[in-house]
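Observations on the three-dimensional arrangement
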Amino acid sequence: MDFTFTEEQQAAVEAAKAVFAGVAPDGVPSPALTAGAVADDFDRALWSRLADADLLSLLLDDRHGGAGLDAVALCLVLRESAKVLARVPLLESTAAAVAVQTYGGEELKTDLLVRAGRGELVLTVAANGRTGHDGAELAVTARQEDGAWVLDGLQTAVPWARNADFVLVPALSTGTGRSVLALVPRDHQGATLAEQISTTGELLGELHLDSVRIPARDVIDADGAWEWLRNLLATGTCALALGLGERVLGMTSEYTGKREQFGHPVATFQAVAVQAADRYIDLRAMEATLWQAAWRISTGAGGALPASGDVAVAKVWASEGVRRVVQTAQHLHGGFGADTDYSLHRYHAWAKHLELSLGPAAAHEEALGDLLAAHPLG
């Protein structure tokens, strides 16, 4: 087996590092220092730089102005973005655009994809449902009426909802019982947003849909579209958790290597070294399971279980791993970890948001158990 990244994937990483080198985590708005939301918008200047570096069109085909890369390349870039706490809807906008490219109609692709790849249109996805625990497609109903689709329901904690041009909303068709994806414009008639705030201090939106009419061309009703998009979003979130965890462990190594007690760096103490080693093992497990899930999504390769099984395993490690890494970092930094003049508290807030977004490991283990029951291993 060859785990080497391709030249194109490595080039994407280098381009990402060049763009994110200009982002200072200490300058990222802190929820500990701001009452309410930390900002009204995402980092538009960084978004423009990502567009100029062709990183917003990374997964789009050549005919849509993209590089034609895969989910592995996206996860590599997301990993770098998390190391600097990049405040951009890179995962959501890219995933929504690729879903349109893979499953949408030609007219929708023509209208949307080139502009999305240039950063002129911003997309997001309502993936949390009504509570964040139930399937997002169950929170909204969709019925066909006079050549359009009519949506009713609610989606909670929609990222970047107040700044995106379109929200891709999963819904359950009342006619067929299948999941569909509807592209809902911001400020569309019947669609309203209630303000929510994440642990990072960023604005989220509770999206209420009251008889919202969407043209048929803006609704994707292909089999498997929502499941594929859900897997890509989850895997991308695991990549963010990995990048954040790697940076936090690096900060911990730097700090404990300089902090002295009894005349020696605390990193030389066995208790400190063992804890850091355990977190390193967590990160390597997060990495291995991430690339397995991203590879399944990218290639469509078969396996003993559906790709959702590999995604569930990656989510188990990412959800618990990112929490353990940050908790250990806080412990080994002592009181310095909570100092608002130091950036670790920002990483802690972002890690908690990622952990909540991924959901509890026990739920993913249960889902994995159901898959194993349905697909007995030979």
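Structure first, text after, so check above.
This report concerns the structure included in the present document.

Rules of the game
Residues numbered from 1 in each chain as written. Predicted model: local features only at pLDDT ≥ 70, side-chain atom pairs only at ≥ 80, totals over all residues. Heavy atoms only, no water. Helix = DSSP H or I, 4+ residues; strand = E, 2+ residues; numbered from the N terminus. Expected span 1.5 Å × (residues − 1). Buried < 20%, exposed > 50% of the residue type's maximum accessible area, 1.4 Å probe, protein only. Contact = heavy atoms within 4.5 Å. Phe/Tyr/Trp six-rings, centres within 6.5 Å; stacked < 30°, edge-to-face > 60°. Lys NZ or Arg CZ within 6 Å of the ring centre and 35° of its normal. Salt bridge = Lys/Arg side-chain N within 4 Å of Asp/Glu carboxyl O. Axes fitted to C-alpha atoms, helices over the stretch in contact; angles between N-to-C directions. Parallel < 35°, antiparallel > 145°, perpendicular 65-115°, else oblique. Left-handed = near helix turned anticlockwise from the far one by under 90°. Nonpolar A, V, L, I, M, F, W, Y, C, P; charged D, E, K, R; others polar.

It is worth spelling out helix 9 (residues 344-358) at this point. For helix 9, with 15 residues, the first-to-last C-alpha span of 21 Å sits near the 21 Å given by 1.5 Å per residue. Taken as a whole, helix 9 has its buried residues at Leu344, His345, Arg346, Tyr347, Ala349, Trp350, Ala351, Leu354, Glu355 and Leu358. Contacts from the buried residues of helix 9 go to helix 3 (71-83), helix 6 (225-258), helix 8 (307-333) and helix 10 (361-374). A positive phi of about 90° marks Gly359, the residue just after helix 9.

Aromatic ring pairs are reported here in terms of the distance separating the ring centres and the angle at which the planes meet. Inspection of the entire model under this criterion finds 6 aromatic pairs. Taken together, Phe42, Trp47 and Trp160 form an aromatic cluster joined through their ring pairs. The ring of Tyr280 has Arg284 sitting right over it, with the charged end atom 5.0 Å from the ring centre.

Here the structure, examined in full by the defined rule, presents 28 salt bridges. With a closest N to O distance of 3.6 Å, Arg63 and Glu106 form a salt bridge. With a gap of 43 residues between them, Arg63 in the loop between helix 2 (44-52) and helix 3 and Glu106 in helix 5 (residues 106-117) connect regions that are remote in the sequence. Arg217 is paired through a salt bridge with Asp218; the nearest N and O atoms lie 3.0 Å apart. Residue classification places Arg217 among the partly exposed residues on the basis of a relative accessible area of 32%. The structure contains a network of salt bridges with shared partners spanning Arg279, Asp282, Glu320, Arg323, Arg324, Lys352 and Glu355.

This part takes up helix 7 (residues 270-299). Counted at 1.5 Å a residue, the expected span for helix 7 with its 30 residues is 44 Å, and the 43 Å between its end C-alpha atoms agrees. Gly300 sits one or two positions beyond helix 7 and adopts a positive phi of about 70°.

Another point: the side chain of Ser30. Within the secondary structure layout, Ser30 lies in the loop between helix 1 (7-20) and helix 2. Accessibility expressed as a relative area gives 3% for Ser30, which makes it buried. When neighbours within four sequence positions are excluded, Ser30 is seen to be in contact with Val38, His345 and Arg346.

Let's shift gears to the packing of helix 8 against helix 9. Direction vectors running N to C along helix 8 and helix 9 enclose 160°, while the axes themselves pass 9 Å from each other. Looking at the two axes, helix 8 sits roughly antiparallel to helix 9. You can see that helix 8 and helix 9 cross each other, and the crossing is left-handed. Facing helix 8, whose interface residues are Lys315, Ala318, Ser319, Val322, Arg323, Val326, Ala329, Gln330 and His333, helix 9 presents Leu344, His345, His348, Ala351, Glu355 and Leu358. Among the residues forming the contact of helix 8 with helix 9, the class breakdown is 7 nonpolar, 5 polar and 3 charged.

Relative to the helices and strands, Pro89 resides in the loop between helix 3 and helix 4 (90-103). With 47 residues separating them along the chain, Pro89 and Phe42 place their C-alpha atoms 7.7 Å apart. Leave out the neighbours within four places in its chain, and Pro89 touches Phe42, Trp47, Thr94, Val122 and Trp160.

Moving on to unusual backbone geometry. Of note, the phi angle at Trp160 is positive, near 55°, even though the residue is not glycine. Position of Trp160 relative to the elements: it lies in the loop between strand 3 (148-159) and strand 4 (166-173). Under the relative-accessibility criterion, Trp160 is labelled buried at 11%. Phi at Ser211 takes a positive value of approximately 50°, unusual for a residue other than glycine. Locating Ser211 in the fold gives a position in strand 7 (residues 203-215).

As a further point, take the environment of Trp317. In this fold, Trp317 is placed in helix 8. Note on Trp317: relative accessible area 32%, which makes it partly exposed. Through-space distance from the C-alpha of Trp317 to that of Leu283 is 8.5 Å; in sequence the pair is 34 residues apart. Not counting residues up to four positions away in its chain, the partners in contact with Trp317 are Asp282, Ala285, Met286, Thr289, Val322 and Arg324.

In this section: the packing of helix 3 against helix 7. Where helix 3 contacts helix 7, the axes come no closer than 8 Å and their chain directions differ by 145°. Mapping the contact onto sequence places Ala71, Val72, Cys75, Leu76 and Arg79 in helix 3 and Arg284, Glu287, Leu290, Trp291, Ala294, Trp295, Ile297 and Ser298 in helix 7. Along the lines of polarity and charge, the residues of the contact of helix 3 with helix 7 split into 9 nonpolar, 1 polar and 3 charged.

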